[in-house]
Amino acid sequence: MANPNIVNVTDIKGGNFGWNLSATLDATLMTVSGSGVIVKVNRITVANVDGAAAADINLFIDGLGVATVDGVAPTGADAAVYLAKTISIPADASLVLSDTPIYLKEGDILKGGASAAGDLDLFISYEVIS
């Protein structure tokens, strides 16, 4: 599992992903599979596109703890950690889940879903750093 030195960057490519979430609460949304890259997630927003009913979101990162950063050794770290767990998004409302950078390393997997299929749109702004 690579943990690139982000001081010696040769390439930064920005991008966005968007999903209309299914009712599978642990669906794989994004996998960091490239060797020598790190993904910096800049912002995560969720919007309820259902005009009548609230819906809950679950969002978590799986694969954490597989690789460590030189000089840092977690004690008792979990491999899967929730960013959002059963957060209710009212009808026709939006919520910023994170506007603080999150770094995903090779092997990390972003997973999640909604309590009702098709009710929630998830949007992520990110940079792939290599």
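These figures come from a predicted structure and were not determined experimentally.

Caption draft 1: The overall build of the protein, seen in detail. A count of helices and strands for the protein gives 0 helices and 9 strands. Moving toward the C terminus, one meets the helices and strands of the protein in the order β-β-β-β-β-β-β-β-β. Here the protein holds 130 residues, and the buried ones make up 35% of them. Across the protein, every contact between residues at least 6 apart in sequence was considered, and the portion connecting residues at least 24 apart equals 88%. Summed over its atoms, the accessible surface of the protein is roughly 6800 Å², and 52% of this surface lies on carbon and sulfur atoms.

Caption draft 2: Quick look at the side chain of K111. Residue position: K111 is located in strand β8 (residues 109-114). In this structure the side chain of K111 is engaged in a polar contact, spanning 3.2 Å, whose partner is the side chain of D62. Dropping the residues within four chain positions of it, K111 is found in contact with D26, A27, T28, L29, N58, L59, F60 and D62.

Caption draft 3: Region of the structure containing the pattern of salt bridges. Applying the stated rule across the entire model yields 2 salt bridges. The partner of K13 in a salt bridge is D11, with the nearest N and O atoms 3.5 Å apart. The partner of D62 in a salt bridge is K111, with the nearest N and O atoms 3.2 Å apart. Residue D62 is found in strand β4 (residues 55-62), and its partner K111 is found in strand β8; the two are separated by 49 residues along the sequence.

Caption draft 4: Layout of the sheet that holds β4. Within the open sheet, the 4 strands sit side by side as β2-β8-β4-β5. Their pairing is antiparallel. What marks the edges here is a single partner per strand, and that holds for β2 (27-31) and β5 (80-89). On average, each strand axis in the sheet is tilted by 20 degrees relative to the strand beside it, whichever way the strands run. As judged from the 6 bridges shared by β4 and β8, these two strands associate in the antiparallel manner.

Caption draft 5: Up close: unusual backbone geometry. Its identity as a non-glycine residue notwithstanding, T86 has a phi of 50 degrees, on the positive side. Within the secondary structure, T86 is located in strand β5. The phi angle at D92 is positive, at roughly 55 degrees, despite the residue not being glycine. Relative to the elements of secondary structure, D92 occurs in the loop between β5 and β6 (94-98).

Caption draft 6: Structural view of the environment of D78. The topology assignment puts D78 in the loop between β4 and β5. As a C-alpha pair, D78 and L64 span 14 residues in sequence and 6.9 Å in three-dimensional space.

Conventions used here
- Every chain begins its residue count from 1, and numbering advances along the sequence as written.
- Local features in this predicted model are restricted to residues whose pLDDT is 70 or higher, and side-chain atom pairs enter the listing and the counts only when it is 80 or higher, whereas totals over whole chains, interfaces and linings include all residues.
- For the side-chain quantities, the full set of heavy atoms in the structure was used; hydrogens and water were omitted.
- Segments assigned H or I by DSSP are reported as helices when at least four residues long, segments assigned E as strands when at least two residues long, and all are numbered from the N terminus.
- Partly exposed residues are those whose accessible area sits between 20% and 50% of the maximum for their type, while under 20% is buried and over 50% is exposed, using a 1.4 Å probe and protein chains only.
- Should any heavy atoms of two residues lie within 4.5 Å, those residues are counted as being in contact.
- The accessible surface values rely on the Shrake-Rupley method and a 1.4 Å probe; as for residues, cover is taken only from the protein chains in view.
- Counted as a polar contact is a pair of N or O atoms within 3.5 Å, where, for protein atoms, one must be capable of donating a hydrogen and the other of accepting one, and residues adjacent in sequence contribute only when both atoms are in side chains.
- Any Lys or Arg side-chain nitrogen located within 4 Å of an Asp or Glu carboxyl oxygen qualifies as a salt bridge.
- If DSSP finds at least two bridges between two strands, the strands pair.
- All axes here are fitted lines through C-alpha atoms, helices being fitted over the stretch that makes contact, and every angle between N-to-C directions spans 0 to 180 degrees.

Fair warning: the whole summary comes from geometry, so function is off the table for now.
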